[in-house]
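# Analysis of the macromolecular model
Single-letter residue listing:
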Amino acid sequence: MQHPSNGRPPRYPTSLGTSDASTITLLGHDLAGELMGQVGFGELALWLVTQRRPEPGEVRVFEAVLVALADHGFTPTAIAARLTYLSAPDSVQGALAAGLLGGGSRFLGVTEDCGAFLHEVVAGHAGRLPDDSDEEGWNALALETVRAARAGRRLVPGLGHPVHKVRDPRTPVLLRIAEENGHKGPHLRLFEAVGRVHPQVLGRTLPLNGAGVCGAALADLGLPVGLLRGFALLARAAGLLGHIAEEQRSPLGMDVYLSVDRNAEYVSPQHPTRQPTKE
Ligand SMILES: CC(C)(COP(=O)(O)OP(=O)(O)OC[C@H]1O[C@@H](n2cnc3c(N)ncnc32)[C@H](O)[C@@H]1OP(=O)(O)O)[C@@H](O)C(=O)NCCC(=O)NCCSC(=O)C[C@@](O)(CC(=O)O)C(=O)O
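Cut-off values and rules
- Residues numbered from 1 in each chain as written.
- Predicted model: local features only at pLDDT ≥ 70, side-chain atom pairs only at ≥ 80, totals over all residues.
- Heavy atoms only, no water.
- Helix = DSSP H or I, 4+ residues; strand = E, 2+ residues; numbered from the N terminus.
- Buried < 20%, exposed > 50% of the residue type's maximum accessible area, 1.4 Å probe, protein only.
- Patch = residues over 30% accessible without salt bridge, like charges linked within 9 Å, V, L, I, M, F, W, Y side chains within 5 Å.
- Areas by Shrake-Rupley, 256 points an atom, 1.4 Å probe, with all protein chains shown as cover.
- Salt bridge = Lys/Arg side-chain N within 4 Å of Asp/Glu carboxyl O.
- Near = heavy atom within 4 Å.
- Polar contact = N/O pair within 3.5 Å; in protein donor to acceptor, adjacent residues only side chain to side chain.
- Nonpolar A, V, L, I, M, F, W, Y, C, P; charged D, E, K, R; others polar.
- Axes fitted to C-alpha atoms, helices over the stretch in contact; angles between N-to-C directions.
- Parallel < 35°, antiparallel > 145°, perpendicular 65-115°, else oblique.
- Contact = heavy atoms within 4.5 Å.
- Core = buried A, V, L, I, M, F, W, Y, C linked by side-chain atoms within 4.5 Å.
- Pairing = 2+ DSSP bridges.

Relative to the helices and strands, lysine 184 resides in the loop between α8 (170-180) and α9 (186-202). Since its relative accessible area comes to 14%, lysine 184 is described here as buried.

As structure tokens, then:
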């Protein structure tokens with residue numbers, strides 16, 4: 001067959017993986033001889049995205065994020081995965097995908113929303129950010145940021161949690177790990193300051209949540225903010241697999257399904273509970 005481009009075979013450049021009949025090369029290394037058994041999965045995931053081998057401190061923060069977001073019990077993502085598995089036990093991939101699809105702007109996907117929210121401010125103040133120790137400076141910037149979100153009638157990503165109403169236990173631990181490893185940067189500092197000042201604007205005190213602090217930490221690692229949901233989903237894939245495995249061992253999907261279905265009650269569309277709530 002005649003190839004396009006003057007008869008020469010086309011070239012598709014990649015810095016990730018290639019293979020031939022007997023070898024697989026990943027990131028310029030022999031996969032079987034140099035990577036397997038020698039590189040952790042978290043390190044590899046970070047390396048694949050940044051295309052440079054991360055230093056140990058970066059891996060420590062990154063893996064702390066993966067652990068933080070792996071599971072949070074019967075979240076919407078876990079329930080979606082279990083119910084999909086109930087309905088399609090022949091499709092583990094469908095159950096896993098169903099759970100991952102729920103990582104959005106209310107739960108889980110907030111890792112990216114919060115990273116992007118903070119990054120917009122950090123990038124917009126490049127060269128004029130407060131010094132690390134200037135708590136007042138960070139507070140002033142955070143106040144401006146929360147006020148702008150409020151004026152735009154937007155929720156502040158990374159604030160609030162349906163279970164941890166006062167304090168999300170993941171937040172201080174990730175802040176500490178980032179600090180200990182020299183990766184507490186402007187996103188985490190701004191996020192902390194949002195935690196200090198938001199009551200002045202919102203009139204209530206909300207916790208800095210785990211999804212948000214993970215987004216801030218990943219942004220401080222220099223990861224592209226447009227990819228941050230991918231890392232949250234990478235972490236949650238492990239937790240969802242745990243849920244599917246547990247669903248195989250001791251199913252509860254049928255109970256969830258029947259408890260909603262058996263308690264369903266017909267009400268007319270004109271019933272007051274069916275009317276849209278006013279703003
Ligand atoms: C998280 C939740 C839906 C909670 O709702 P709730 O209804 O329980 O909030 P409430 O405490 O009742 O709110 C009381 C009053 O504060 C107002 N208010 C609340 N948040 C406010 C805010 N951010 N900015 C301004 N105002 C706010 C609200 O409008 C109300 O005002 P009002 O109506 O006037 O009384 C809510 O905060 C929210 O959307 N946050 C922003 C998105 C966010 O950061 N999501 C991350 C959640 S963590 C996560 O993703 C990790 C995961 O969960 C993942 C998983 O696995 O799924 C895990 O753990 O791993």
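Let's shift gears to a nonpolar patch on the surface. On the surface, Phe74, Ile79, Leu83, Met254, Tyr257 and Leu258 cluster together to form a nonpolar patch covering roughly 520 Å² of accessible area. Only α4 (76-87) and α12 (253-262) provide two or more residues apiece to the nonpolar patch. Here the nonpolar patch gets three residues from one element, more than from any other, and that element is α12.

Here the focus is the site of the ligand. Surveying the vicinity of the ligand reveals 23 residues, the closest of which are Arg106, Leu108, Val156, Asn209 and Arg236. Within the side chain of histidine 161, one N or O atom sits 2.9 Å away from an oxygen atom of the ligand. Separating an oxygen atom of the ligand from a side-chain N or O atom of arginine 204 is a distance of 3.3 Å. In the complex, the protein chains occlude 72% of the 1100 Å² of accessible area that the ligand would expose alone. Considered class by class, the residues forming the shell around the ligand number eleven nonpolar, seven polar and five charged.

Another aspect to go through is the packing of helix α2 (residues 41-50) against helix α3 (residues 56-69). Axis separation between α2 and α3 bottoms out at 9 Å; the angle between their running directions is 105 degrees. Here α3 runs roughly perpendicular to α2, going by the angle between their axes. For the pair α2 and α3, contact is made by Gly42, Glu43, Ala45 and Leu46 and by Glu58, Val59, Phe62, Glu63 and Leu66, respectively. Within the contact of α2 with α3, the residues separate by chemical class into five nonpolar, one polar and three charged.

With that settled, consider the pattern of salt bridges. Scanning the model with the defined rule gives 13 salt bridges in all. Across the pair glutamate 246 and arginine 82 runs a salt bridge, and its minimum N-O distance is 2.4 Å. Here the residue glutamate 246 occupies a position in helix α11 (residues 228-249), and arginine 82 occupies one in helix α4, the gap between them amounting to 164 residues. A salt bridge links glutamate 192 to lysine 184; the nearest nitrogen and oxygen atoms lie 2.9 Å apart. Here the salt bridges share partners, and the residues they tie into one network are Arg60, Arg176 and Glu180.

Before going further, it helps to examine the nonpolar core. As a rule of thumb, nonpolar side chains are buried together in soluble globular proteins. Ranked by size, the top nonpolar core spans 49 residues in total, and within it Phe62, Leu190, Leu218 and Leu223 carry the most contacts. Elements that contribute at least two residues to this core include exactly α2, α3, α6 (110-124), α7 (135-151), α8, α9, α10 (210-220) and α11. Looking at which element gives the most residues to this core, the answer is α9, with eight residues. Excluding anything up to four places from it in sequence, leucine 190 contacts Leu118, Val121, Val122, Trp138, Leu141, Ala142 and Thr145.

Quick look at the sheet that holds strand β2 (residues 24-26) now. Spatial strand order, β1-β2-β3: three strands in an open sheet with antiparallel pairing. Among the strands making up the open sheet, the edge pair consists of β1 (17-19) and β3 (29-30). Bridge analysis of β2 against β3 gives two bridges, and the strand direction is antiparallel. For threonine 25, the partnering residue across the bridge sits in β3 and is aspartate 30.

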